[in-house]
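Single-letter residue listing:
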Amino acid sequence: MKEKYELRLSGAGGQGLMLAGLILAEAAGVYDGKNVVQTQSYGPEARGGASKSEVVISEGEIDYPKVVNPDILLALTQEACDKYYPELKEGGTLIVDSFYVKKLPPYKKVVSVPITSIAEKEVGRKVVANIVALGVITEFTGVVSREAIKEAVLSRVPKGTEKMNEKALEVGFRIGRESR
Amino acid sequence: MSKARIMSGNEAVVEGALVAGVRFFGGYPITPSSEIAEVLSRLLPQVGGKFIQMEDELSSVGAIVGASLAGIKSMTATSGPGFSLMQENMGLAFMAEVPCVIVDVQRGGPSTGLPTKVSQSDVMQVRWGRHGDQNVIALVPSSVRESFDLIIDCVNLAEEYRMPVVLLLDEVISHMREKVILPEKDEIKVIERKKPPKGQEKYFPYEITEDAIPPMANFGEGYRYHVTGLTHDETGFPTSDPEKINQVMRRLYQKIEKHKEEIIKVEEKYTEDAEIAIFAYGSVARSAYSAVKEAREKGIKVGLMRPIILWPFPYKKVSDLANKVKRIIVPEMNMGQIIAEVKKVSFGKVKVEGVNRIDGELITPSEIMAKIEEVS
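Residues numbered from 1 in each chain as written. Chains lettered and ligands numbered in written order. Predicted model: local features only at pLDDT ≥ 70, side-chain atom pairs only at ≥ 80, totals over all residues.

**Here we look at the environment of Leu69(B)**
All names here are of chain B.
Consideration 1: Tracing the chain through its elements places Leu69 in helix 3 (residues 57-69).
Consideration 2: Since 21 C-beta atoms lie within 10 Å of it, Leu69 is described here as buried.
Consideration 3: C-alpha of Leu69 to C-alpha of Cys100: the two residues are 31 residues apart in sequence and 9.6 Å apart in space. (Helix = DSSP H or I, 4+ residues; strand = E, 2+ residues; numbered from the N terminus. Buried ≥ 20, exposed ≤ 12 C-beta atoms within 10 Å, placed from the backbone.)

Structure representation (structure tokens):
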């Protein structure tokens with residue numbers, strides 16, 4: 001793994017991106033033992049509005065805490081994809097939810113899967129789309145270990161939803177594997 | 001406690017406040033400080049403390065002043081719009097010399113401004129937001145771990161100097177989550193307020209002492225005294241005697257002036273041989289340090305001076321810096337507030353230039369780098 005990874009998880013308020021960012025940070029920092037900083041940007045509204053969560057994972061110290069050019073960009077809305085794709089690092093990975101993102105940029109290293117509809121179909125709830133996305137990111141990029149993300153997910157999701165979230169993560173792992 | 005954790009600046013403030021002995025919070029939640037109230041409302045009752053959500057910010061400071069007079073370490077947390085409303089009772093806390101801590105997590109303004117976006121535009125409001133003369137103490141953390149350390153310092157300074165102390169966070173630091181390993185409790189120094197000896201026939205709550213900090217009796221522990229916002233003599237009762245007024249006002253001023261060398265805290269990086277110096281605080285200091293390292297790699301001799309305590313301002317240290325560098329750059333997320341303080345003591349010695357951003361986004365290392373390259 002390289003020295004420093006920058007991830008941007010983007011979409012709309014209510015899609016669970018803040019929690020996803022926190023889980024990724026915990027996976028990298030607490031369970032994989034790296035240095036990590038997570039920041040966020042969202043509007044005053046509780047649902048809707050542009051929302052993003054950024055995670056910087058590094059072997060060394062992290063000064064500037066925000067993401068400049070993401071190595072990994074997750075876009076859960078068309079707006080987010082259009083807005084942030086130009087900032088993707090050369091050779092970086094773009095992961096989109098094709099349930100919402102219909103127009104893809106002309107780019108090769110892209111994982112385009114209907115994350116939200118898969119979450120509903122295979123796990124039974126749309127709300128776990130963020131956890132499915134974490135599974136995809138983990139398996140496709142290896143930015144955190146599978147064990148770490150699993151521990152982090154299980155320690156952060158509400159009590160009683162562990163099984164559902166674990167299943168969502170497994171589904172994400174499978175999609176990630178198939179997309180490679 | 002010593003396990004690695006992922007924690008936000010706001011959460012670190014809560015942890016630190018509890019360790020420092022804060023047992024009362026009166027406040028009114030406001031983004032980006034709300035998590036402080038939220039988490040304290042859960043944790044304070046578990047340690048025998050009290051949490052009250054007040055009707056507004058005026059009463060919030062009223063409540064913490066009252067709780068502190070009764071001997072409880074007290075704090076509140078707010079953001080710019082609430083901080084404006086708190087000024088009135090903060091003035092009372094200065095005048096009546098009541099220890100308390102106010103956390104201001106800065107967001108864009110004026111007015112309700114930008115609730116979720118970063119800013120550093122309250123740095124002069126902290127200094128001069130209230131009417132009347134007073135010396136202030138304000139601390140500016142740059143990381144989650146430092147938010148923990150500095151809220152403890154705030155509580156300690158408030159108790160030691162018998163006055164309100166402000167922790168000045170910015171949105172980036174308060175919401176940012178970072179990996180931290182917190183120190184064990186026995187490694188942390190906690191200061192209690194100086195009390196008068198028991199059983200004295202007379203107690204003067206505002207007597208002139210050598211250190212300019214009179215001992216403070218808690219209400220309910222035997223001594224009674226008068227608390228007022230009016231200028232008072234050593235008994236606490238209002239006075240219009242010019243000599244007494246002069247005494248108490250000068251002592252209030254001296255409280256900080258006398259001890260400022262002990263209070264002031266700055267961090268310097270690569271300043272020994274620097275030709276260009278950056279003076280930056282809070283989250284912007286992180287961008288600045290990143291730019292310093294990049295500039296050094298390019299062979300440009302740049303250093304960073306970062307105030308950890310913004311008020312009292314480190315005039316002497318900045319003045320010394322201005323004697324040895326060719327240029328000072330002050331990046332800040334306002335239209336240029338602290339730059340004026342830097343200029344005060346570098347006038348005629350060195351040119352001082354700002355990098356300013358007021359669009360709710362954090363100044364980037366490349367913006368500071370561009371300025372470095374422009375002036376080098």
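Still to come is the rest of the account.
**Considerations on the interface of chain B and chain A**
The parts lose accessible area when they come together, and the size of an interface is often stated as this lost area.
Consideration 1: Contact with chain B, which involves 18 residues of that partner, is made by 18 residues of chain A.
Consideration 2: The dominant element in the side of chain B that touches chain A, judged by the number of residues it contributes, is helix 10 (residues 283-297) of chain B, at four residues.
Consideration 3: In this structure, strand 2 (residues 35-42) of chain A lies alongside strand 9 (residues 177-180) of chain B, joined through two bridges in antiparallel fashion. Bridge pairing in strand 9 of chain B places Gln38(A) opposite Arg177(B). (Contact = placed C-beta atoms within 7 Å. Pairing = 2+ DSSP bridges.)

**Topic: the packing of helix 1 (residues 17-31) of chain A against helix 4 (residues 129-141) of chain A**
Working note: a packed helix pair is described by the angle between its axes plus the distance between those axes.
Residue and element names in this part refer to chain A.
Consideration 1: Here helix 1 crosses helix 4 at 35°, and the two axes come no closer than 9 Å. In the crossing of helix 1 with helix 4, the sense of the turn from one axis to the other is right-handed. Where helix 1 abuts helix 4, its residues Leu17, Leu19, Ala20, Ile23 and Leu24 lie against Asn130, Ala133 and Leu134.
Consideration 2: For the contact of helix 1 with helix 4, the per-class residue count stands at seven nonpolar, one polar and no charged. (Axes fitted to C-alpha atoms, helices over the stretch in contact; angles between N-to-C directions. Left-handed = near helix turned anticlockwise from the far one by under 90°. Nonpolar A, V, L, I, M, F, W, Y, C, P; charged D, E, K, R; others polar.)

**Considerations on helix 3 of chain B**
Residue and element names in this part refer to chain B.
Consideration 1: For helix 3, built from 13 residues, the straight-helix expectation of 18 Å at 1.5 Å per residue is met to within 8% by its first-to-last C-alpha distance of 19 Å.
Consideration 2: Along helix 3, the positions that sit buried rather than exposed are Glu57, Ser60, Val61, Ala63, Ile64, Val65, Ala67, Ser68 and Leu69.
Consideration 3: Elements that come into contact with the buried residues of helix 3 comprise strand 2 (24-27), strand 3 (50-53), strand 4 (74-79), helix 4 (80-96) and strand 5 (100-108).
Consideration 4: At the C-terminal side of helix 3, Gly71 shows a positive phi close to 100°. (Expected span 1.5 Å × (residues − 1).)

**Considerations on the sheet that holds strand 10 (residues 266-269) of chain B**
Residue and element names in this part refer to chain B.
Consideration 1: If you walk across this open sheet you meet the five strands as 10-12-11-14-15, and the pairing is mixed. A strand with exactly one partner marks an edge of an open sheet, and here the two such strands are strand 10 and strand 15 (351-356). Looking at each pair of strands side by side, their axes are set apart by 20° on average, direction ignored.
Consideration 2: Where strand 11 (residues 276-279) meets strand 14 (residues 327-332), three bridges bridge the pair, whose relative direction is parallel. Bridged to Ile278 within strand 14 is Ile329.

**Points about the domain arrangement of chain B**
All names here are of chain B.
Consideration 1: By the assigned domains, chain B splits into domain 1 (5-187) and domain 2 (267-375).
Consideration 2: Taken over C-alpha atoms, the centre of domain 1 sits 26 Å from the centre of domain 2.
Consideration 3: The interface of domain 1 with domain 2 comprises 22 residues on the first partner and 20 residues on the second.
Consideration 4: Top contributing element to the side of domain 1 that touches domain 2 by residue count: helix 5 (residues 123-128), with four residues.
Consideration 5: Considered class by class, the residues forming the side of domain 1 that touches domain 2 number 13 nonpolar, six polar and three charged. (Domains from an automatic or database assignment.)

**Description of the environment of Glu201(B)**
Consideration 1: By the element assignment, Glu201(B) lies in the loop between strand 9 and helix 8 (242-257).
Consideration 2: Put simply, Glu201(B) and Arg251(B) are 50 residues apart on the chain and 24 Å apart in space, counted from C-alpha to C-alpha.

**Comments concerning the nonpolar core**
The tendency in soluble globular proteins is for nonpolar side chains to be buried side by side.
Consideration 1: Ranked by internal contacts, the top residues of the largest apolar core, which has 162 residues, are Val132(A) and Leu167(B).
Consideration 2: Counting residues per element, this core draws most heavily on helix 6 (residues 144-161) of chain B, which supplies 10 residues.
Consideration 3: Counting contributing residues per domain, this core is built from domain 1 (5-187) and domain 2 (267-375) of chain B, each supplying no fewer than three.
Consideration 4: Discounting chain neighbours no more than four positions away, the residues touching Val132(A) are Ile115(A), Ile118(A), Ala119(A), Ala168(A), Val171(A) and Gly172(A). (Core = buried A, V, L, I, M, F, W, Y, C linked by C-beta atoms within 7 Å.)

**Observations concerning the sheet that holds strand 1 (residues 5-8) of chain B**
Consideration 1: Spatially, 6(A)-5(A)-4(A)-1(A)-3(A)-2(A)-9(B)-1(B) is the arrangement adopted by the eight strands of the open sheet, whose pairing is mixed. Edge positions in the open sheet fall to strand 6 (110-113) of chain A together with strand 1 of chain B, since each of these has one partner strand only. For this sheet, the mean angle separating the axes of adjacent strands, direction not counted, is 15°.
Consideration 2: Most of the contacts of helix 4 of chain A go to strand 5 (residues 93-97) of chain A, to which it runs at about 155°, and overall it touches strand 4 (72-75), strand 5 and strand 6 of chain A.

**A word on the packing of helix 5 (residues 146-156) of chain A against helix 6 (residues 162-179) of chain A**
All names here are of chain A.
Consideration 1: Helix 6 packs onto helix 5 with a crossing angle of 150° between their chain directions and a minimal axis gap of 10 Å. The angle between helix 5 and helix 6 falls in the class roughly antiparallel. Here helix 5 runs over helix 6; the crossing is right-handed. Every residue of helix 6 that contacts helix 5 at Arg146, Ile149, Lys150, Val153 and Leu154 is listed here: Glu162, Asn165, Glu166, Leu169 and Phe173. (Parallel < 35°, antiparallel > 145°, perpendicular 65-115°, else oblique.)

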